[in-house]
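# An overview of the molecular structure
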Amino acid sequence: VQQVANQCAIAIRQARLYQAAQAQVAELEKLNRLKDDFLSTVSHELRTPMSSIKMATQMLEMSWDKAGKLVSDPSDRTSRYFQVLNDECDREIKLINDLLDLTRLDAETEPLLFTAINPHCWIPSVVEPFLEQARQQEQQLQVQLPAELPTLHTDLDILERILTELLSNACKYTPRQAAIAVTAQANSEFFWLSVQNSGVEIAVVELEHVFDKFYRIPNHDPWKHGGTGLGLALVKKLVEHLSGTIQATSQANQVSFTVQLPIVPPVLTEGP
Ligand code: ADP
């Protein structure tokens, strides 16, 4: 009887090991599929600006004759091709930088550098460079802060990156004559930073995907500034790196992105 019991125990253990191995194989296959999908999307996204760059260089090449004399209309076509080159190079650089940042954050190798931040000084200083773009696009960009806000203890560079990305999107997707507001509030534990823009709405089915890598909503770009679909994926990763969360909401022709951060990050509140 003992022998049979031992054999049963061995068989059960082997069955469990087999099940665990099967689950591991399934997980590895899933990760491999995700990696393949990611690589194919990245290659496609990197190739798109390259096609425009190649076309513009070929057109520019034809603008000069063998003796180096400009043969096409210098005032119009040539400068348009240079503009294409400039825009597409910027797009490629942003794409590569965002990808590198996403990979770095995935590997969690980025150490945090904590600073005490006064929101009343810091928020307007980040908004300031966007005022001119908003003015040119006839958008009303405002900062609305309560009189009292606590000092935040977090990584200044990362927080700046988050707000800059959200503001850049707000300016990009807000139509003429509409408003953009940066607001903040806090309690004893958390700090909430919101960027709201009006004149545009995101459908519920799309809201679920806006933080996905490479997700872009078609025909949603009134200023045709273009984008990579990586901005919000990066923002989400950066917020999580600061032990925070981010929420996107949209209703009544308004879009709102709210970042919730601990006033003092867990890493500083935990004991030795
Ligand atoms: P990108 O701006 O490069 O397309 P993002 O990841 O930053 O990529 O944004 C994903 C999509 O979410 C955008 O293409 C846009 O359609 C939508 N979106 C992002 N921010 C806003 C906003 N503030 N208002 C309206 N739509 C937005």
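As the structure is a computational prediction, the values presented were derived from the model and not from experiment.

## Regarding the overall build of the chain
From N to C terminus, the chain includes seven helices and seven strands. The secondary structure elements of the chain, listed N-terminal to C-terminal, are α-α-β-α-β-β-α-β-β-α-α-β-β-α. Computed over the C-alpha atoms, the radius of gyration of the chain is 25 Å, more than 25% above the 19 Å expected from 2.2 N^0.38 for a compact globule of 272 residues. Reported as C-alpha extents along the three principal axes, the dimensions of the chain are approximately 100 × 60 × 40 Å. In the chain, buried positions account for 35% of the 272 residues. As displayed, the chain has an accessible area near 16700 Å², and 55% of this comes from carbon and sulfur atoms. Separation between the mean location of the 23 positive side-chain charges and that of the 34 negative ones in the chain comes to 8 Å.

## Quick word on helix α1 (residues 2-61)
Spanning 60 residues, α1 covers 87 Å between terminal C-alpha atoms, matching the ideal 88 Å at 1.5 Å per step. Three or more residues of α1 are buried, namely Val42, Glu45, Pro49, Ile53, Ala56 and Leu60.

## Description of the sheet that holds strand β6 (residues 245-251)
Strand order in the open sheet made by the five strands is β2-β4-β5-β7-β6, with mixed pairing throughout. Pairing within the sheet leaves two strands with one partner each, and these edge strands are β2 (140-144) and β6. Direction aside, neighbouring strands of the sheet carry axes that sit 15° apart on average. Of the strands in this sheet, β6 and β7 (254-262) touch helix α6 (residues 231-241), which is tilted by about 135° from β6.

## As for the packing of helix α3 (residues 119-136) against helix α4 (residues 156-173)
One can describe the packing of α3 onto α4 by two numbers: an axis separation of 10 Å at closest approach and a directional angle of 30°. Taken together, α3 and α4 sit at an angle that is classed as roughly parallel. Note that α3 runs across α4; the crossing there is right-handed. Taking contact as the criterion, the partners of Trp122, Ile123, Val126, Val127, Phe130 and Gln133 in α3 are, on α4, Leu156, Leu159, Glu160, Leu163, Thr164, Leu167, Ser168 and Cys171.

## Points about the packing of aromatic side chains
As enumerated under the stated definition, the model contains three aromatic pairs in all. Ring geometry for Phe38 versus Phe214: centroids 6.1 Å apart, planes at 45°, classification tilted. Here the residue Phe38 occupies a position in helix α1, and Phe214 occupies one in the loop between α5 (204-207) and α6, the gap between them amounting to 176 residues. Note on Phe38: relative accessible area 28%, which makes it partly exposed. Here Phe214 falls in the buried class, since its relative accessible area comes to 13%. A ring pair is formed by Phe190 and Trp192, whose centres lie 6.1 Å apart and whose planes are at 50°; its orientation type is tilted.

## So, the nonpolar core
The biggest cluster of nonpolar side chains holds 51 residues, and the ones touching the most others in it are Ile123, Ile162, Leu163, Leu166, Leu193 and Phe257. Looking at this core, the elements with two or more residues in it are α2 (74-106), α3, α4, β4 (179-186), β5 (190-198), α6, β6 and β7. In terms of residues, this core owes the most to one element, α4, which gives eight residues. Ile53, Ala56, Leu60 and Leu85 belong to the second-largest nonpolar core, a separate cluster that totals five residues.

## Observations concerning the site of the ligand
In the vicinity of the ligand lie 19 residues, with Asn169, Tyr173, Arg216, Thr228 and Leu232 positioned nearest. Measuring from an oxygen atom of the ligand, one finds a side-chain N or O atom of Asn169 at 2.8 Å. Note that an oxygen atom of the ligand is positioned 2.9 Å from one of the side-chain N or O atoms of Lys172. Considering the ligand on its own, with 530 Å² of exposed area, one finds that the protein chains cover 98% of that surface.

## Overview of the side chain of Ser256
Inspection of the secondary structure assignment puts Ser256 in strand β7. Among residues more than four places away in sequence, those in contact with Ser256 are Val195, Gln196, Gln247, Ala248 and Thr249.

## A look at the pattern of salt bridges
Counted according to the given criterion, the structure contains ten salt bridges. Across the pair Asp101 and Arg161 runs a salt bridge whose closest N-O atoms are separated by 2.6 Å. Of this pair, Asp101 sits in helix α2 while Arg161 sits in helix α4, and the two are 60 residues apart along the sequence. Residues Lys236 and Glu240 are paired through a salt bridge, measuring 3.1 Å at the closest nitrogen-oxygen approach. Residue Lys236 and its partner Glu240 are located together in helix α6, separated by four residues, close to a single helical turn. Overall, the relative accessible area of 43% leaves Glu240 in the partly exposed class.

Procedures and definitions
In this convention, every chain numbers its residues from 1, walking through the sequence in written order. Local features in this predicted model are restricted to residues whose pLDDT is 70 or higher, and side-chain atom pairs enter the listing and the counts only when it is 80 or higher, whereas totals over whole chains, interfaces and linings include all residues. In computing side-chain properties, one takes all heavy atoms of the structure into account and sets aside hydrogens as well as water. Only DSSP runs of H or I with at least four residues qualify as helices, and only runs of E with at least two residues qualify as strands; both kinds are numbered from the N terminus onward. For this measure, only C-alpha atoms enter the radius of gyration; the expected value for a globule follows 2.2 Å times N^0.38, where N is the number of residues. Here's how the labels work: a residue is buried when its accessible area is under 20% of the maximum for its type, exposed when over 50%, partly exposed in between, all with a 1.4 Å probe on protein chains only. Residue-level accessible areas treat just the shown protein chains as cover; the underlying method is Shrake-Rupley with a 1.4 Å probe. Residues counted as positive are Lys and Arg, residues counted as negative are Asp and Glu, and His and the chain ends are not counted. Throughout, a charge is located at the NZ atom of Lys, the CZ atom of Arg, the CG atom of Asp or the CD atom of Glu. The length a helix should cover is 1.5 Å for every residue beyond the first. Between any two strands, pairing holds if DSSP finds at least two bridges. Axis definition: a line fitted to C-alpha atoms, limited for helices to the stretch in contact. Angles are taken between N-to-C directions and run from 0 to 180 degrees. The contact criterion used throughout is that any non-hydrogen atoms of two residues lie within 4.5 Å. The labels follow the angle: roughly parallel below 35 degrees, roughly antiparallel above 145, roughly perpendicular from 65 to 115, and oblique for the rest. Note: crossing handedness is left-handed where the near helix turns anticlockwise from the far helix by less than a right angle, and right-handed where it turns clockwise. Stacked, edge-to-face and tilted labels apply to pairs of Phe, Tyr and Trp rings (six-membered ring for Trp) whose centres lie within 6.5 Å, assigned for plane angles under 30 degrees, over 60, and everything in between, in that order. Nonpolar core, defined: a set of buried Ala, Val, Leu, Ile, Met, Phe, Trp, Tyr and Cys residues in which side-chain atoms within 4.5 Å join the residues together. Any residue with a heavy atom lying within 4 Å of a molecule or strand is counted as near it. Residues adjacent in sequence count toward polar contacts only when both atoms are side-chain atoms; beyond that, a polar contact is any pair of N or O atoms within 3.5 Å, and within protein one must be able to donate a hydrogen and the other to accept it. A pair is scored as a salt bridge if a Lys or Arg side-chain nitrogen falls within 4 Å of a carboxyl oxygen belonging to Asp or Glu.

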